[in-house]
Structure formats: C-alpha cells, structure tokens
Amino acid sequence: MSTDTTSLMSAADNTATSPQTAAAAATAAALAAAQAVRTSYPAQYYALYDRAATEPAPVTGWIDAWSLSDTSWLPAASQMLPLTSDQWAARAPTGQAVQGGAIVAYTPPVPTLVAQAQAAMGWVNQQASLASAMGETFGAAMKAYVQGLQAIIGGTDKTSTALPAAPAAYTS
C-alpha cells in the first residue's frame, strides 16, 4: 500500500469515528456540567426569597437546581432555602413564606388605603391616555373619583376607610 493510500484510509477512519468522538465529548461535557451544578447546589430543590425582608418573607420562586443547564442567574445556594423532596412536593404557587428557616403558610398584609389609591391611579392614568387618544375627556363621575383618590394619596382625606367606587366608564 502506498503512503497516500494509507493516509486516505486513516483519514476515512477518523471521519467515521469523529461523530462518535463528538458525541462522547458532548456527553462528557454535559456530565461535567451536571456535576458542577450538584457541587454548587448540593440540595436539588430550593425556595427563593428576600433574605433581607422581615419574616415571614414571601417565597418568590421555586428552583429545581439539578434540572438547570445554566445556573449563572441563580443566587448562591447559601442565599436560598434548601428543600427536601417532601417540601418540594408540598410547595404551592402562592401563599407560602420563609420564617426561621422553614416554609410556612403566608397571607400577605392588606395594602394601606394610600397604597390602594396609588394603585388605582395607575388605572386612572390608562383611562386618561385612552380618553386623550379618543379626543374625549373625563366625565363628572370620573373627575370626582380622581379627586377622591388624590385626597387619599395626598393625606387630606383622613376619614375614608375604602376607596371611592370607580365609575363604569371614563366618560361617566
């Protein structure tokens, strides 16, 4: 066999095994990445919460760290609450918080009347934009509603215990 023929056969053999070699390398890389995640996050499951918040601190997310291929966005494991498989299975989308290192039932506090009025002003601003786009103006009921909200927010209304009723339409 000539040197050229041997070189061609050797190149052909390398080409035939290169997909297998690439697959093996990809598998090895994936296993190494998974091991790195398990090293950085020894518990599989975590609860995200604001550690600086007054407890009970609402859970803001649930993480299955071992299912992630990229954990660059996650806080360190020490900044989350590790969970057991039973705790993971019992998690709820809302109504849970962290207190004293444990998951507890949680009902958020009712927002103050001022906070409710400020949130209602967001809807008012949307309605103002719509009215402006339509070449219309607020009706008398809407103007009274805005004035009521502004009085609560500004502190001049100290007697109301609930928001005024919103009008059915901004032209009302």
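Residues numbered from 1 in each chain as written. Predicted model: local features only at pLDDT ≥ 70, side-chain atom pairs only at ≥ 80, totals over all residues. Heavy atoms only, no water.

> For this particular structure, what's the right way to read the overall build of the protein chain?
Along the backbone of the protein chain there are four helices and five strands. Taken over C-alpha atoms, the radius of gyration comes to 30 Å for the protein chain, far larger than the 16 Å a tight globule of 172 residues would show. Considering only C-alpha atoms, the protein chain reaches an extent of 100 × 50 × 25 Å along its principal axes. Buried positions account for 25% of the 172 residues belonging to the protein chain. Relative to all contacts within the protein chain whose residues are 6 or more apart in sequence, the contacts with residues 24 or more apart total 60%. Carbon and sulfur atoms make up 58% of the accessible area of the protein chain, which amounts to about 11000 Å² in all. Of the charged side chains in the protein chain, 5 are positive and 9 negative; the average position of the first set lies 17 Å away from that of the second. (Helix = DSSP H or I, 4+ residues; strand = E, 2+ residues; numbered from the N terminus. Rg over C-alpha atoms; globule rule 2.2 N^0.38 Å. Buried < 20%, exposed > 50% of the residue type's maximum accessible area, 1.4 Å probe, protein only. Contact = heavy atoms within 4.5 Å. Areas by Shrake-Rupley, 256 points an atom, 1.4 Å probe, with all protein chains shown as cover. Lys, Arg positive; Asp, Glu negative; His and termini not counted. Charge placed at Lys NZ, Arg CZ, Asp CG, Glu CD.)

> Can you help me understand the side chain of glutamine 96 in this one?
Relative to the assigned elements, glutamine 96 resides in strand β4 (residues 96–99). Residue classification places glutamine 96 among the buried residues on the basis of a relative accessible area of 15%. Of note is the side chain of glutamine 96, whose polar atom sits 2.7 Å from the backbone nitrogen of alanine 92. In this structure glutamine 96 touches Pro58, Val59, Trp62, Ala90, Arg91, Ile103, Val104 and Tyr106, once residues within four positions along its chain are discounted. (Polar contact = N/O pair within 3.5 Å; in protein donor to acceptor, adjacent residues only side chain to side chain.)

> What should I look at first to understand the environment of isoleucine 63 in this one?
Inspection of the secondary structure assignment puts isoleucine 63 in strand β2 (residues 57–64). By relative accessible area, which is 7% here, isoleucine 63 ends up buried. Along the backbone, isoleucine 63 and alanine 47 are 16 residues apart, and their C-alpha atoms lie at a distance of 6.3 Å. Setting aside its immediate chain neighbours within four residues, isoleucine 63 contacts Gln44, Tyr45, Tyr46, Leu48, Leu68, Trp73, Leu74, Met80 and Trp88.

> Sorry if this is basic, but what is going on with the confidence of the model for the protein chain here?
In regions of low pLDDT, the predicted coordinates are not meant to be interpreted in detail. For the protein chain, the mean per-residue pLDDT works out to 89, and 90% of the residues sit at or above 70. Here residues 1–16 is a poorly scored stretch, pLDDT under 50, and it has two contacts once near neighbours within four places are set aside; other chains count. (pLDDT = per-residue confidence, 0-100.)

> Could you clarify how one ought to interpret the nonpolar core in this entry?
Here is a general trend for soluble globular proteins: nonpolar side chains tend to be buried in one another's company. Val124, Phe138, Met142, Tyr145 and Leu149 are the most contacted members of the largest nonpolar core, which has 13 residues in total. The greatest single-element share of this core, amounting to six residues, is contributed by helix α3 (residues 113–133). Setting aside chain neighbours within four positions, we find tyrosine 145 in contact with Ala120, Trp123, Val124, Pro164, Ala165, Ala166 and Pro167. Listed in part, the ten residues of the second largest apolar core include Tyr41, Ala65, Ala77 and Met80. (Core = buried A, V, L, I, M, F, W, Y, C linked by side-chain atoms within 4.5 Å.)

> When you look at the side chain of glutamine 127 in this model, what are you seeing that I'm missing?
Here glutamine 127 is to be found in helix α3. Take glutamine 127: its relative accessible area is 15%, and that puts it in the buried class.

> It is not clear to me how the pairing of strand β5 (residues 102–105) should be interpreted in this structure. Could you clarify?
Inspection of the sheet shows β4 paired to β5 by four bridges, in the antiparallel sense. If you follow valine 98 over to β5, its bridge partner there is isoleucine 103. The loop that links β4 with its antiparallel partner β5 comprises two residues; one of these, glycine 100, has a positive phi angle of about 60°. (Pairing = 2+ DSSP bridges.)

> Would you take a moment to explain the sheet that holds β2 for this structure?
As a general point, the strands of a sheet are linked pairwise by backbone hydrogen bonds and lie either parallel or antiparallel. Spatially, the five strands line up as an open sheet ordered β3-β1-β2-β4-β5, and their pairing is antiparallel. The outermost strands of the open sheet, each flanked by one partner alone, are β3 (81–83) and β5. The mean inter-strand angle of the sheet, taken between neighbouring strand axes irrespective of direction, is 45°. In the sheet, β2 pairs with β4 via two bridges, with the strands oriented antiparallel. Within β4, the position partnered with proline 58 by the bridge is alanine 97. (Axes fitted to C-alpha atoms, helices over the stretch in contact; angles between N-to-C directions.)

> I'm lost on the environment of threonine 39 in this one. Help?
Among the secondary structure elements, threonine 39 is positioned in helix α1 (residues 3–40). For the pair threonine 39 and proline 58, spaced 19 residues apart in sequence, the C-alpha to C-alpha distance is 27 Å.

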